[in-house]
Amino acid sequence: MEQRWCRQATLATVAGAATLMMTALCLEAGAASAGAQSAGQGPLPLPTLLPLPSPSLSVSLPPIEPPKVTLPPLKPPPVTLPTLPPATASPGPTVPPATSPPTAGTPPQAGVPGLPGSGGSMVDPGSAPALIAGDPAADLYPQPPVDPAGTPQARQVAALGDVQHRIQYLENTLARTRADLARVRRGPDPVLHLLTTLTAGGDADAAAPLTVPDAADVVDTPTGRAVALSGAITSGQAELVRRRQEETRLRQEIDRRVRAAPAVAAPARTAATVGRGRLGQPLAGRLTSRFGTRFDPYYRVWQLHPGVDLAAPTGTPILAAADGRVSRVGWYGGYGNYTCLAHGRADGQRLSTCYGHQSRLLVSPGQRVRAGQVIGLVGSTGASTGPHLHFEVRLGGRPVDPLPWL
């Protein structure tokens, strides 16, 4: 404690002495300044402070560039021209009779436009499967306009056409489904492979555990797809049988009325009847294909065959089945060189006969013809596999079986 007190006392003494010395110095300096002022000397100049250099800040900013805006090139709006429907001849005369009959000339090839205003191009055989795959009920042959079904007879004929198109749809769908089933059966099947291995006692991968697939995964296997396709085929075949029976019933009712109907009222005079029929034979040829849905020999798909085929050599004369007026003549798609005659009304509907695949046309639009008159020559134009006459009978524009009429 004593040492500490001694140190503090010594420090206080030294601090007091230093204070006294500083005070004395300040008094002397003040006295000297006062003496100088009294002797005429001015005040002592204040020290000049030198300016401190200020640091120069230089900030370099990148140049601002305006954003680039790219405008799309201006294009004129597309102009869609209306598509004109193919020209169709009306039942009445549209062109005065020509002084000389037209000839067929060189028939257009598949996919090439035909005669102007006559029905356009025919479907190419190579594109027919794709068209039918997209719509199994699609018509590959041009379809003439039909009258409104305003009478019970017309509604019955229209119902027949609907049933026949449904049959065409079922036949094309079943053909494709059968092809799919055959392809699945030819492919590898792990389920069948497993069953074969187990029954044969094979030891391949014997250490691996057997796993049974879930029920939801079975459908996505060849076995599951085969079962589903087989079920679809069974269902389609059952409906096809019902539709065929319905078609037979409608055809029998239509044919019964045709046989009981009076003779055809032609524009010029009553049509000549041949035997018990109402129309004359267009030619003496062998019947090679009947009316109804068939597997088309040209397009290799199912199509409605709206008439009958009568085989005959090329150049055989084709006779008008009754008195009438030429309502259509020219190239008509798959029908090739095609002629239609209007014969007035029968069974309460507009009656017409049509003749396809001709090698030469011998009548003009609007021309009046007599029963038995030569209107063209047999050929194999359009979707044809050989010389023959395709003969149709239409009521209100809808096809019916020609045989009861002949």
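Before reading further, recall that the structure is shown in the block above.
Residues numbered from 1 in each chain as written. Predicted model: local features only at pLDDT ≥ 70, side-chain atom pairs only at ≥ 80, totals over all residues. Heavy atoms only, no water.

*Asks:* Requested: an account of the packing of helix α3 (residues 152-186) against helix α6 (residues 222-260), with residues and values cited.
*Replies:* Running from amino to carboxyl end, α3 crosses α6 at an angle of 155°, the nearest separation of the two axes being 8 Å. Taken together, the axis directions place α3 and α6 in an arrangement best described as roughly antiparallel. Once α3 is placed against α6, the crossing between them reads as left-handed. Grouping the constituent residues of the contact of α3 with α6 by class yields 17 nonpolar, 7 polar and 14 charged. (Axes fitted to C-alpha atoms, helices over the stretch in contact; angles between N-to-C directions. Helix = DSSP H or I, 4+ residues; strand = E, 2+ residues; numbered from the N terminus. Parallel < 35°, antiparallel > 145°, perpendicular 65-115°, else oblique. Left-handed = near helix turned anticlockwise from the far one by under 90°. Nonpolar A, V, L, I, M, F, W, Y, C, P; charged D, E, K, R; others polar.)

*Asks:* Report on the environment of Arg328, specifying residues and quantitative values.
*Replies:* Of note, Arg328 is situated in strand β6 (residues 324-331). When the C-alpha atoms of Arg328 and Pro365 are compared, they prove to be 6.0 Å apart, with 37 residues separating the residues in sequence.

*Asks:* Lay out the nonpolar core with the relevant residues and their values.
*Replies:* The biggest cluster of nonpolar side chains holds 42 residues, and the ones touching the most others in it are Tyr355, Ile375 and Trp405. Take this core: its biggest share by element is 8 residues, from α3. (Core = buried A, V, L, I, M, F, W, Y, C linked by side-chain atoms within 4.5 Å. Buried < 20%, exposed > 50% of the residue type's maximum accessible area, 1.4 Å probe, protein only.)

*Asks:* Could you give an account of the side chain of Asp309, with specific residues and numbers?
*Replies:* Within the secondary structure, Asp309 sits in strand β4 (residues 308-311). If we skip the residues at most four places from it in the chain, Asp309 touches Arg286, Leu287, Thr288, Ser289, Arg294, His388, Leu389 and His390. (Contact = heavy atoms within 4.5 Å.)

*Asks:* Describe the pairing of strand β3 (residues 302-305), listing the residues and the values that go with them.
*Replies:* Each regular strand carries side chains that alternate between the two faces of the sheet. Strand direction decides the pairing type here: strand β2 (residues 292-295) and β3, joined by 4 bridges, are antiparallel. Paired with Arg294 across the bridge in β3 is Gln303. Between β2 and β3, which pair antiparallel one after the other, the connecting turn spans 6 residues, and Arg300 there sits at a positive phi close to 65°. (Pairing = 2+ DSSP bridges.)

*Asks:* So what's going on with unusual backbone geometry? Which residues, and what values?
*Replies:* In the Ramachandran plot, Asp347 falls in the positive-phi region, its phi being about 55° despite a non-glycine side chain. Along the polypeptide, Asp347 turns up in the loop between β7 (337-346) and β8 (349-361).

*Asks:* Describe in detail the environment of Gln349, supporting the description with residues and values.
*Replies:* By the secondary structure assignment, Gln349 is in strand β8. Considering only alpha carbons, one finds Gln349 and Gln153, 196 residues apart in sequence, at a separation of 7.9 Å.

*Asks:* Before we move on, can you summarise the packing of aromatic side chains with the specific residues and values?
*Replies:* Counting across every chain of the model gives 8 aromatic pairs. Relative to Tyr299, the ring of Tyr141 lies with its centre 5.6 Å away and its plane at 80°, an arrangement referred to as edge-to-face. Of this pair, Tyr141 sits in the loop between α2 (128-134) and α3 while Tyr299 sits in the loop between β2 and β3; the two residues are 158 residues apart in sequence, bridging distant segments of the chain. Of the two residues, Tyr141 and Tyr299, neither departs from the other in class, the shared state being buried. Considering the side-chain rings of Tyr355 and Phe391, the 5.4 Å spacing of their centres and the 50° angle between planes classify their relative orientation as tilted. You can see Tyr355 sitting in strand β8 and its partner Phe391 sitting in strand β11 (residues 388-395), a full 36 residues away along the chain. (Phe/Tyr/Trp six-rings, centres within 6.5 Å; stacked < 30°, edge-to-face > 60°.)

*Asks:* Got a sec to walk through the pattern of salt bridges? Specific residues and values, please.
*Replies:* Pairing is possible between side chains that carry opposite charge, provided their charged atoms lie close to one another. The tally for this structure, following the rule as stated, stands at 14 salt bridges. Residue Arg257 is joined to Asp347 by a salt bridge in which the shortest nitrogen-to-oxygen separation is 2.8 Å. You can see Arg257 sitting in helix α6 and its partner Asp347 sitting in the loop between β7 and β8, a full 90 residues away along the chain. Several salt bridges share partner residues, and in doing so they unite Glu171, Arg244, Glu247, Arg251 and Asp401 into one network. (Salt bridge = Lys/Arg side-chain N within 4 Å of Asp/Glu carboxyl O.)

*Asks:* Break down the state of the cysteines for me, with residues and values.
*Replies:* Inspection of the entire model under this criterion finds 1 disulfide. The residue that forms a disulfide with Cys340 is Cys354, at a sulfur-sulfur distance of 2.2 Å. Negative torsions about the S-S bond denote left-handed disulfides, and the value of about 110° found for Cys340 with Cys354 makes this one right-handed. Of the two residues, Cys340 is situated in strand β7 and Cys354 in strand β8; the sequence distance between them amounts to 14 residues. (Disulfide = S-S within 2.5 Å.)

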